[in-house]
Amino acid sequence: MGISNFPMITSLRTTLKEHGLKDTQPRRFVLQALEKLKKPASPYDIQKWVDAKGGSINAVTVYRIIETFMRIGLVHRHPCDGHFSLCSMPHKKGHHGFLHCTSCGKTQEFHDEQLCKAEERVARTLKFRSSTHVSEILGTCAACAA
Ligand SMILES: [Zn+2]
Ligand SMILES: [Zn+2]
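Values in this document were obtained by computation on a predicted structure and should not be read as measured data.

The rules behind each value
- Residues numbered from 1 in each chain as written.
- Chains lettered and ligands numbered in written order.
- Predicted model: local features only at pLDDT ≥ 70, side-chain atom pairs only at ≥ 80, totals over all residues.
- Helix = DSSP H or I, 4+ residues; strand = E, 2+ residues; numbered from the N terminus.
- Rg over C-alpha atoms; globule rule 2.2 N^0.38 Å.
- Buried ≥ 20, exposed ≤ 12 C-beta atoms within 10 Å, placed from the backbone.
- Contact = placed C-beta atoms within 7 Å.
- Axes fitted to C-alpha atoms, helices over the stretch in contact; angles between N-to-C directions.
- Left-handed = near helix turned anticlockwise from the far one by under 90°.
- Nonpolar A, V, L, I, M, F, W, Y, C, P; charged D, E, K, R; others polar.
- Domains from an automatic or database assignment.
- Pairing = 2+ DSSP bridges.

Caption draft 1: Layout of the overall build of the protein. If you tally the helices and strands in the protein, you get six helices and six strands. Element order for the protein, N to C, with α for helix and β for strand: β-α-α-α-α-β-β-β-β-α-β-α. Taking 2.2 N^0.38 as the reference for a compact globule, 146 residues should give roughly 15 Å; the C-alpha atoms of the protein span a radius of gyration of 16 Å, in line with that estimate. The 146 residues of the protein split such that 23% are buried. Counting contacts in the protein only where the partners sit at least 6 residues apart, residues at least 24 apart contribute 47% of the total.

In structure tokens:
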């Protein structure tokens, strides 16, 4: 198991290329917004961020780009509020999930291959074919609990 805070994207161009995506301005905007906002963002937050930078992007484009990024595991959706964040450990195999502090709103990503296997087992037992898993643990972070 491992935990991580928000990632630093060293090069947007490299990230896009690694995933076989064309390097386009709207994709850069969305990646940059998710990186700079430092917290899970709604598509509207992303749009606002781009506007504030003097750019322009419409909501449909934001959604479409987020869907592409989710498909390749670059972005995750947080089930509790529907917000999105960059995967902070895109090279880690296994299940990715989030700890979500309901007191301060801080989120932290974790990955756990055992959890992934356990969930696959549940799905298989119930003859369910899984395509993706999303885990979220709601509660209080160490700082808030202290
Ligand atoms: Zn992840
Ligand atoms: Zn907290």
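Caption draft 2: Inspection of the packing of helix H3 (residues 43-52) against helix H4 (residues 59-71) at higher detail. With their axes 10 Å apart at the nearest point, H3 and H4 run at an angle of 115° to one another. Like other packed secondary-structure pairs, H3 and H4 cross with a definite hand, here right-handed. Mapping the contact onto sequence places Pro43, Ile46 and Gln47 in H3 and Ala59, Val62, Tyr63 and Ile66 in H4. When grouped by side-chain class, the residues that make up the contact of H3 with H4 number six nonpolar, one polar and no charged.

Caption draft 3: Layout of the domain arrangement of the protein. In terms of domains, the protein is made up of domain 1 (8-86) and domain 2 (95-145). Centre-to-centre separation of domain 1 and domain 2, based on C-alpha positions: 22 Å. With seven residues of domain 1 at the contact, the number on the domain 2 side is seven residues. Of the residues in the side of domain 1 that touches domain 2, the class split is three nonpolar, three polar and one charged.

Caption draft 4: Spotlight on the pairing of strand E6 (residues 135-139). In terms of burial, E6 is largely open, as just zero of its five residues are buried. Strand direction decides the pairing type here: strand E4 (residues 95-101) and E6, joined by five bridges, are parallel. Residue pairing for E6: Gly97 is matched across the bridge by Ser135.

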